[in-house]
Amino acid sequence: MSAIKTVHDAEYATANLGERIVAALKDAGIPPEKWTPEILGPADQIHGGGLQQTQVHAALVSITSDMHLLDIGCGIGGPARYFATEFGCRVTGIDLTDEYIDAASLLTQKIGLSDRVAFDCGDATALPYDDASFDMAWALNVTMNIEDRAGFYAGVHRVLKPGGRFCISEIGQGPGGEPYYPLTWAADPAYSFLLPPEDMRTLLESSGFRVVEWIDETARRKASTDGRPAETAPVETPLTIEITRGADYPDRRKNSGRSAKEGRLTNVMLVAERI
Ligand SMILES: C[S@@+](CC[C@H](N)C(=O)[O-])C[C@H]1O[C@@H](n2cnc3c(N)ncnc32)[C@H](O)[C@@H]1O
């Protein structure tokens, strides 16, 4: 097993996750036909701001039903299912955590979306797809775990069609010093590869992308008291982020919030175009 996979499993692997989510929804009396993105969102949108943030980001681009999207570091498939449900497009998700891919596939099959949403277990820096095979690519809160950023951008450039959009939400290194660990994506600095936003942008641009939207979310994160996502309209759901990320997640989120407040973390939501 490679070093990255070992570290990765320690960070994200969660046994029987899909089955536990299915059981929680069954116990709450919610049948699969009612598993909307809102019901699943607290557990399957594994990034700051949750489903609401995915919706805000998606509104920056045009997604149509004839498109094939690639969701890189797709987690358990929340954003991928949202895109397919909302826009009628096809989505392929890829993630290094095999338990997440199992959960993503199970939930997708349960809600009858498997004909349009598929998942592969694999590394974002070695994408197993043909050149120019996707209309759009997404990477929501993934790059903090990716050391070979140049290799990652080169691979996304290769698999995207010319003119295709690449949507990224990225937590970066702020000027205030090292963040406090454990963070939501890494227990310690060994698995956290943060870049100052301007370095990330330079690297992205030198990899053949043109930035078309650049929204600095750092101020919003600073204003948040504990890094919790903004409240959305309440829905009756038994799911929480802890079922997916574990009981220590609130403490990790507090560290993210405190680090953001002290200028140790930055947060950018961006859209780039493959030239
Ligand atoms: C914070 S979660 C975000 C999941 C998903 N994008 C979402 O927003 O719900 C980060 C994800 O990136 C995945 N990941 C990290 N490094 C990766 C790599 N090198 N290749 C593929 N996936 C990776 C993790 O397994 C995890 O599922």
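Our structure's up above, just so we're on the same page.
Calculation criteria
For every chain, the first residue of the written sequence is number 1, and numbering continues from 1 along that sequence. Two thresholds apply to this predicted model, a pLDDT of at least 70 for residue-level local features and 80 or more for giving and counting side-chain atom pairs, whereas whole-chain, interface and lining totals are computed over all residues. Per the convention used, a helix needs a DSSP run of H or I reaching at least four residues, while a strand needs a run of E reaching at least two, with both numbered from the N terminus. Here the globule rule reads 2.2 Å times residues to the power 0.38, and the radius of gyration is calculated from C-alpha atoms. Counting other C-beta atoms within 10 Å of its own, a residue is labelled buried from 20 upward, exposed at 12 or fewer, and partly exposed in the gap between, with every C-beta atom placed from the backbone. Contact criterion: two residues are in contact if their C-beta atoms, reconstructed from the backbone, are within 7 Å. Pairing between two strands is assigned when DSSP locates at least 2 bridges connecting them. For helices, the fitted line uses only the C-alpha atoms of the stretch in contact; every axis is such a line through C-alpha atoms, and the angle between N-to-C directions lies from 0 to 180 degrees. Note that Gly is not counted as nonpolar here; it falls among the polar residues with everything else outside the nonpolar set of Ala, Val, Leu, Ile, Met, Phe, Trp, Tyr, Cys and Pro and the charged set of Asp, Glu, Lys and Arg.

Enquirer: Before we move on, can you summarise the overall build of the protein with the specific residues and values?
Expert: When its secondary structure is counted, the protein shows 11 helices and 7 strands. At 17 Å, the protein has a C-alpha radius of gyration in line with the 19 Å of a compact globule built from 275 residues. For the protein, the spread of C-alpha atoms along the principal axes amounts to about 50 × 40 × 40 Å. Looking at the protein residue by residue over its 275 residues, the buried ones come to 43%. Here the contacts in the protein between residues at least 6 apart in sequence split such that 79% fall between residues at least 24 apart.

Enquirer: How would you sum up the sheet that holds strand β4 (residues 134-140)? Please name residues and give values.
Expert: Two strands in a sheet stick together by hydrogen bonds in their backbones, pointing the same way (parallel) or opposite ways (antiparallel). Reading across from one edge, β3-β2-β1-β4-β5-β7-β6 is the order of the 7 strands in this open sheet, with mixed pairing throughout. Strands at the two margins of the open sheet, each flanked by one partner only, are β3 (117-121) and β6 (209-216). With strand direction ignored, the average angle separating the axes of adjacent strands in the sheet is 15°. Bridging between β6 and strand β7 (residues 265-274) involves 7 bridges; their strand directions are antiparallel.

Enquirer: Tell me about the packing of helix α2 (residues 17-27) against helix α6 (residues 98-110), and name the residues and values.
Expert: Interhelical geometry of α2 versus α6 gives an angle of 40° and a closest axis separation of 7 Å. Counted together, Leu 17, Gly 18, Ile 21 and Val 22 of α2 and Glu 99, Asp 102, Ala 103, Leu 106, Leu 107 and Lys 110 of α6 form the full contact between these two elements. For the contact of α2 with α6, a count of residues per class yields 6 nonpolar, 1 polar and 3 charged.

Enquirer: Any chance you could break down unusual backbone geometry for me, citing the residues and the numbers?
Expert: The linkage connecting Tyr 181 with the following residue, Pro 182, adopts the cis geometry, with an omega of 0°. Mapped onto the secondary structure, Pro 182 falls in the loop between β5 (160-173) and α8 (197-206). A positive phi angle, close to 50°, is found at Asn 16, a residue other than glycine. Looking at where Asn 16 falls in the secondary structure, it is placed in the loop between α1 (3-12) and α2. The class of Asn 16 is exposed, set by 12 C-beta atoms lying within 10 Å.

Enquirer: Before we move on, could you go through the environment of His 157 and cite the residues and values that matter?
Expert: Structurally, His 157 is set in helix α7 (residues 149-159). With 21 C-beta atoms packed within 10 Å, His 157 lands in the buried category. Taking C-alpha positions, His 157 is 6.9 Å from Gly 208, a pair spaced 51 residues apart along the chain. Not counting residues up to four positions away in its chain, the partners in contact with His 157 are Ser 207, Gly 208, Phe 209 and Arg 274.

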